[in-house]
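What follows is the residue order along each chain.
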Amino acid sequence: MLPLILLLVHLPMIQDHAEFISPIFSLTAHCIEMVLQDALPRLSSAFQLSGCTPAQVCQQWMLQCFWNYLNWPDIQLYLACCLVLGADFPVYFCVAALRSVQKQIIERTPKQDLLAWLKERCLARFRLTPDVLSYARLLQELYGFQVRKILQI
């Protein structure tokens, strides 16, 4: 029998945490794309035409907990909503956030700068208003069963 240290040498090592995406983030990103495709097909098509996916953007937003994207009171409200409304709420929140900038996304699609814009400036004017929350809750009512089943919650 080989010593444990010799066996560990052959395991893949993750040098940078940025290389590792948790399965929950992958499943959440899948759910975001599923809901977006059904609820906002025009927006979903714009992403396909641009060559990037909503998952690329939403994963970064969620990994950073919307830090540098939302103002502090909105981040606090987002976290409170996640705690109160369930672990599937980030899916609906991301779709609602993308919906709020749908016009700009569609306009930027032919310019081929969509991904850079989404990762840098797109939520600069976004606020977590009652309309955004009510839309997220509507999505939760419509897609909650499917999303919770995929996320196994």
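Participant: Sorry if this is basic, but what is going on with the side chain of Gln140 here?
Facilitator: Relative to the helices and strands, Gln140 resides in helix 9 (residues 130–151). With residues near it in sequence (within four places) discarded, Gln140 still touches Leu85, Asp88, Tyr92 and Arg148.

Participant: Would you take a moment to explain the packing of helix 2 (residues 23–39) against helix 9 for this structure?
Facilitator: Two numbers describe a pair of packed helices, the interaxial angle and the distance between the axes. Two elements in contact, helix 2 and helix 9, have axes whose closest approach is 10 Å; the angle formed by their N-to-C orientations is 130°. When the axis of helix 2 is compared with that of helix 9, the two are oblique. For the pair helix 2 and helix 9, the sense of crossing is right-handed. Seen from helix 2, the contacting residues are Ile24, Leu27, Thr28, His30, Cys31, Met34, Val35, Asp38 and Ala39; seen from helix 9, they are Tyr135, Leu139, Tyr143, Gln146, Val147, Ile150 and Leu151. Looking at the contact of helix 2 with helix 9 residue by residue, the class counts come to twelve nonpolar, three polar and one charged.

Participant: What's the story with the nonpolar core in this structure? I'm lost.
Facilitator: What tends to happen in soluble globular proteins is that the nonpolar side chains get buried as a cluster. With 45 residues, the main nonpolar core has Phe47, Trp61, Phe66, Leu98, Ile105, Leu118 and Leu123 as its most contacted residues. Broken down by secondary-structure element, the contributors of at least two residues to this core are helix 2, helix 3 (41–50), helix 4 (54–63), helix 5 (72–85), helix 6 (89–100), helix 8 (114–120) and helix 9. For this core, the element with the highest residue contribution is helix 6, accounting for nine residues. Beyond its immediate sequence surroundings of up to four residues, Leu98 is in contact with Leu36, Leu43, Phe47, Pro54, Cys58, Trp61, Ile105 and Leu118.

Cut-offs used in this document
Once a new chain begins, its residue numbering starts again from 1 and follows that chain's sequence as written. In view of the model being predicted, local features appear only for residues whose pLDDT reaches at least 70, and side-chain atom pairs are presented and counted only at 80 or more, with totals across whole chains, interfaces and linings using the full set of residues. In computing side-chain values, all of the structure's heavy atoms are included and hydrogens and water are not. The helix count covers DSSP runs of H or I at least four residues long, the strand count covers runs of E at least two residues long, and both are numbered beginning at the N terminus. By the convention used here, residues are in contact when the closest approach between their heavy atoms is within 4.5 Å. Here an angle of 0 to 180 degrees is reported between the N-to-C directions of two axes, which are lines fitted to C-alpha atoms, with helices fitted over the stretch in contact. Put simply, angles under 35 degrees are roughly parallel, angles over 145 are roughly antiparallel, angles from 65 to 115 are roughly perpendicular, and the rest are oblique. Each helix crossing is assigned a hand: it is left-handed if the near helix lies turned anticlockwise from the far helix by less than a right angle, otherwise right-handed if that turn is clockwise. Charged means Asp, Glu, Lys or Arg here, nonpolar means Ala, Val, Leu, Ile, Met, Phe, Trp, Tyr, Cys or Pro, and polar covers whatever is left, Gly included. To qualify as a nonpolar core, a set must consist of buried Ala, Val, Leu, Ile, Met, Phe, Trp, Tyr and Cys residues joined through side-chain atoms within 4.5 Å. Accessibility here uses a 1.4 Å probe with only protein chains present; expressed as a share of the type maximum, an area under 20% marks a residue as buried, one over 50% as exposed, and anything in between as partly exposed.

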